[in-house]
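An overview of the molecular structure
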Amino acid sequence: MPLFGSLVAYLPTPRTVTEEVAEGVLAQLVDRAVAGGASGVAVLGSTGGFAYLDRAQRRRVCEAAVEAAAGRVPVLVGVGALTTRDVLDLARDAEQAGADALLVPTMAYLPLTDDEVHELYRCVTQVVGIPVWAYHNPVATRYDFSVEQLRRVTRLPGVQGVKDRGTSPDAVRGRARELHHKLPADVEIGFSGDGLGVHGLLGGARTWHSGLAGVLPARYAEVADMAAAGHAERALALMAGLQPLADLAATGGARVVHAVGEALGVAVGPLPAPLRRPGPGVLREIDRALAGLHDPA
């Protein structure tokens with residue numbers, strides 16, 4: 001049975017001035033995502049700054065998100081780490097905290113080989129009983145999943161989904177069609193990208209994974225719903241209004257998502273050093289882009 005629908009909203013990890021997880025604000029972000037129409041929420045992805053949190057903080061983020069979601073939507077939890085041992089520890093923590101699925105990126109100081117990647121996913125599926133999502137993020141990991149390697153990994157029992165990406169609308173749509181043709185029929189195909197992910201849906205993928213959706217869930221859910229229903233013209237017209245923010249997020253990542261949250265009155269708190277909030281010029285662009293949405297909340 002499919003786990004996720006057309007939009008998974010990736011939440012930033014709100015922090016206090018003393019660098020603790022702001023659990024109350026995280027619960028508000030979950031509520032906003034659910035109310036806005038997201039079909040799932042994700043924590044501890046790139047937008048959630050997983051690499052800057054220790055194991056105890058990451059477990060608490062997972063626990064707080066699962067508690068706030070209260071079964072209304074499934075919760076996807078990122079378990080990226082440099083060593084398989086740490087990935088397995090994080091995977092067990094997330095499962096014990098009630099996560100519905102795990103997102104496993106191919107993190108490494110040295111880029112991994114195909115066999116190393118396959119072994120990583122095999123190890124994870126051996127220690128947990130919840131579904132695993134393979135995450136293709138070559139910009140961060142320097143590992144580029146071929147379609148054949150995704151096919152190999154998704155044949156492992158327990159790997160139920162893929163979070164893929166592309167570099168242009170045509171590339172995303174073409175990749176979505178190829179994955180649909182070559183991956184096992186029960187594997188959920190999704191695409192990331194605050195601007196490009198919509199083209200995955202238009203190419204036949206099931207899910208759009210978006211960081212900006214974590215702070216603008218209603219806007220992104222509207223686009224995702226139109227795209228999933230095959231209303232391409234309407235979906236792209238709606239996406240045009242979000243494109244300026246998506247372009248900023250493509251280079252600023254979590255920094256921009258945090259700044260958008262702040263501009264909307266969400267107390268996401270400080271970024272973990274050495275990350276810094278965007279400069280005045282980018283903040284002005286964010287304000288202009290939000291004003292162009294008329295009703296950004």
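Summary of the structure given here.

A separate point is the environment of Arg234. Take Arg234: it is sitting in helix H10 (residues 232-252). Considered as a pair, Arg234 and Glu222 are twelve residues apart in the sequence and their alpha carbons are 9.8 Å apart. In contact with Arg234, other than residues within four places in its own chain, are Glu222 and Met226.

A few words on the environment of Val266. In this fold, Val266 is placed in the loop between helix H11 (254-263) and helix H12 (280-292). C-alpha separation for the pair Val266 and Leu29, spaced 237 residues apart in sequence, amounts to 8.1 Å.

The final tally for this structure, using the stated rule, is four aromatic pairs. Between Tyr143 and Phe145, the ring centres sit 5.1 Å apart and the planes meet at 85°, which makes this aromatic pair edge-to-face. Under the relative-accessibility criterion, Tyr143 is labelled buried at 4%. Taken together, a centroid distance of 5.2 Å and an interplanar angle of 65° make the contact between Trp208 and Tyr220 edge-to-face. Of this pair, Trp208 sits in strand S8 (residues 207-210) while Tyr220 sits in helix H9 (residues 217-228); the two residues are twelve residues apart in sequence, bridging distant segments of the chain. Of the two residues, Trp208 and Tyr220, both sit in the buried class. Three or more aromatic residues joined by ring pairs make a cluster, and in this case those are Tyr121, Tyr143 and Phe145. One Lys or Arg, Lys163, reaches over the ring of Tyr135 and ends 4.1 Å from the middle of that ring.

Further remarks concern the pairing of S8. The side-chain alternation of S8 yields two buried faces, one formed by Thr207 and His209 and the other by Trp208 and Ser210. For strand S1 (residues 7-10) and S8, the ladder comprises three bridges, and the chain directions are parallel. Opposite Leu7, over in S8, you have Trp208 as the bridge partner. At this point the chain moves from strand S7 (residues 188-192), through helix H8 (residues 197-202), to the parallel S8, and the crossover so formed is right-handed.

Right, let's get into the pairing of strand S5 (residues 132-135). Of the two faces of S5, the one carrying Val132 and Ala134 and the one carrying Trp133 and Tyr135 are both buried. Sheet analysis places strand S4 (residues 101-105) next to S5, joined by four bridges and oriented parallel. Residue Val104 lies in a different strand from S5, and its bridge partner there is Ala134. The parallel pair S4 and S5, bridged by helix H4 (residues 114-127), forms a crossover whose chirality is right-handed. Direction of pairing for S5 relative to strand S6 (residues 159-164): parallel, over a ladder of four bridges. The residue bridging Tyr135 from the neighbouring strand is Lys163, located in S6.

In a pair of packed helices, the angle between the axes and the distance between the axes together describe the arrangement. The interhelical angle for the contact between H10 and H11, taken along N-to-C directions, is 135°, at an axis separation of 6 Å. When the axes of H10 and H11 are compared, the pair comes out oblique. Contact residues: Leu245, Leu248, Ala249 and Gly252 in H10; Ala254, Arg255, Val256 and Val260 in H11.

Taken in spatial order, the eight strands line up as S1-S2-S3-S4-S5-S6-S7-S8 and close into a barrel, and their pairing is parallel. Strand-to-strand twist across the sheet, computed as the mean angle between neighbouring axes with direction ignored, equals 25°.

Bringing the packing of helix H3 (residues 84-97) against H4 into the picture now. In the contact formed by H3 and H4, the axes pass within 10 Å of each other and the chain directions differ by 35°. Seen from above, H3 lies across H4 with right-handed handedness. The segment H3 lies against H4, with Thr84, Val87, Leu88, Ala91, Arg92 and Glu95 engaging Leu120, Cys123, Val124 and Val127. A class-by-class count of the residues in the contact of H3 with H4 yields seven nonpolar, one polar and two charged.

About the thresholds
Residues numbered from 1 in each chain as written. Predicted model: local features only at pLDDT ≥ 70, side-chain atom pairs only at ≥ 80, totals over all residues. Heavy atoms only, no water. Helix = DSSP H or I, 4+ residues; strand = E, 2+ residues; numbered from the N terminus. Contact = heavy atoms within 4.5 Å. Phe/Tyr/Trp six-rings, centres within 6.5 Å; stacked < 30°, edge-to-face > 60°. Buried < 20%, exposed > 50% of the residue type's maximum accessible area, 1.4 Å probe, protein only. Lys NZ or Arg CZ within 6 Å of the ring centre and 35° of its normal. Pairing = 2+ DSSP bridges. Right-handed = clockwise from strand over helix to strand, strands pointing away. Axes fitted to C-alpha atoms, helices over the stretch in contact; angles between N-to-C directions. Parallel < 35°, antiparallel > 145°, perpendicular 65-115°, else oblique. Left-handed = near helix turned anticlockwise from the far one by under 90°. Nonpolar A, V, L, I, M, F, W, Y, C, P; charged D, E, K, R; others polar.

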